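Close look at the chain arrangement
Each chain is listed here by its residues.
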Amino acid sequence: MTALTAEVAEPAPPPPPDGPASPRRGVELTLLAGAVLISVLGHLYVGLATTGRVPGTAGRYAAGLAGTALLAHLAVRFRAPYADPLVLPIAVLLNGLGLVLIQRLDLATPAHLAAGDQLRWSALGVALFVLVVVLLRDHRVLQRYAYLSVAAALALMLVPVFFPAVNGAHIWIRFAGLSFQPGEFAKILLAVFFAAYLAANRTALALTGRRLFWKLRLLPGRVLGPILAIWLLSVGVLVLERDLGTSLLFFGLFVVMLFTATGRIGWIAIGLLLAAAGAYAVGTLEPHVHSRVGDWMNPFASIDRGEGPGQLAQSLFAFGAGGLLGSGLGHGQSFLIGFAAKSDFILATAGEELGLAGLTAILLLYGLLVDRGFRAGLSLRDPFGRLLATGLASTVALQVFVIAGGVTGLIPLTGMAMPFLAQGGSSVVTNWIMVALLVRLGDSARRPRPAGAEGAA
């Protein structure tokens, strides 16, 4: 543990790019009001477009969303006053838009309602957001629990293997009518462990080892061992759980953080080679993963066989039908995708009913959230905080890329949940915890330092 938490002296980073920090909580409150208003108007529009009247739940929906947003704002105002003013409003807006899209699909599938459960899970996520912001006063405390974090993450990833597969993948735990996806929580724990390990060993990763050729070095076993273990772990998750998305997310997260810690582009190349080798081997040998690769290579094969369009084909049709401005909320046909329309393929509904313009706006919101995480990482002075902020932001970026790429046919489908938008209690709760950590990291990055602290640093 001593070696893991060791610090290596290095020059102080440049000051935050935003200039002198100010709390800017008024800006956050104004943006939150706009996010709530947009979500409530979307809720009203869906009801008017599909039934011709204002939904009976409009008042409760507006009060619930406004109340949770205000509660989160008060927690930030009093416990993290220097946090980035954009992070919380972006999360509220994405969560609100997700509720609107799920409500719209509920109206087309009245036998499988999900908006009510998603709203309750969102409220639980905001409650945990408040707890993290209030109780976690210093992000560096998490560095002490690095080994506990990785042990808990491994346990969470392995437990679903012993439960029946759901839609071909062992990523769910179903018990007493409840479902739980442990891998969602494991990604936060792994980000904490990676940040702690790399903060303690970044000098060894960057400078030690025997030179092979050019700038490539063969690392000593004590440094190379954990890297190979992470690669084997990601392949093992793919084999045991038959889940391409989770393994890509975990391994991609580690490679990005490894590059951030060392600054060596070679780690990106090595990571891509290892990921490609593992994905090719399992994609060839594992039938479930192989079928997804086959669907990706020829999404219209089921139509050619006279079986009708499959999920990916329906998704592509939805995007094509949306055009530039979309068909309007409540006027699309993306529910034809089937059981995964509210989860894996929620972007298809956004693409069809909001069009390319609306879909671009949603992706820009994700991009802005990732950008604020990276900016917090650049402004932090402690290596653990910089790596943790980068890891959390990269997790969002990787997840959005993997999911959006899958439903648009860019890469094979993975079965992951779009952050905040898609149906899934585990996902929305985990995302709110990640936002809380980004708020805490942003507060540490932007908080003015006492007089004399600069010279001491």
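Below is a short write-up of the structure.

Parameters and conventions
- Residues numbered from 1 in each chain as written.
- Predicted model: local features only at pLDDT ≥ 70, side-chain atom pairs only at ≥ 80, totals over all residues.
- Heavy atoms only, no water.
- Helix = DSSP H or I, 4+ residues; strand = E, 2+ residues; numbered from the N terminus.
- Contact = heavy atoms within 4.5 Å.
- Areas by Shrake-Rupley, 256 points an atom, 1.4 Å probe, with all protein chains shown as cover.
- Salt bridge = Lys/Arg side-chain N within 4 Å of Asp/Glu carboxyl O.
- Buried < 20%, exposed > 50% of the residue type's maximum accessible area, 1.4 Å probe, protein only.
- Expected span 1.5 Å × (residues − 1).
- Arc of directions from axis to C-beta.
- Phe/Tyr/Trp six-rings, centres within 6.5 Å; stacked < 30°, edge-to-face > 60°.

1. Describing the overall build of the protein chain
From N to C terminus, the protein chain includes 16 helices and four strands. By sequence separation, contacts in the protein chain at least 24 residues apart represent 75% of the contacts at least 6 residues apart. Split by element, the accessible area of the protein chain, about 20100 Å² in all, is 70% carbon and sulfur.

2. Details of the pattern of salt bridges
If charged atoms from side chains of opposite charge come close, those side chains can pair. Scanning all chains against the criterion turns up ten salt bridges. E353 is the partner of R104 in a salt bridge, and the nearest nitrogen-oxygen pair spans 2.3 Å. Separated by 249 residues along the polypeptide, R104 in helix α3 (residues 87-108) and E353 in helix α13 (residues 346-379) bring together distant segments of the chain. You'll find R104 and E353 in the same group, each marked buried. If you follow the salt bridges from partner to partner, you end up with D84, D371 and R372 in one network.

3. Looking at helix α4 (residues 115-135)
In a regular helix each residue adds 1.5 Å, so 21 residues correspond to 30 Å; α4 covers 30 Å between its end C-alpha atoms and thus fits that length. Restricting attention to buried positions, one finds in α4 the residues Q118, S122, G125, V126, F129, V130, V132 and V133. Projection of α4 onto a plane perpendicular to its axis shows the buried side chains occupying an angular sector of 165°, all on one side. Seen from the open side of α4, the exposed residues pointing more than 90 degrees away from its buried face are R120 and L135.

4. As for unusual backbone geometry
Its identity as a non-glycine residue notwithstanding, R24 has a phi of 55°, on the positive side. When you line up the elements, R24 lands in the segment before α1 (25-51).

5. Notes on the packing of aromatic side chains
Throughout the structure, instances matching the rule amount to seven aromatic pairs. Plain terms: the ring middles of F193 and Y197 are 6.1 Å apart, the flat faces sit at 25° to each other, and that makes the pair stacked. Highlighted residues: F193 and Y197, both in helix α6 (residues 182-207), separated by four residues, approximately one helical turn. Across this residue pair, the class does not change: F193 and Y197 are buried. Of the aromatic side chains, those joined through ring pairs into one cluster are Y147, F193, F194, Y197 and F254.

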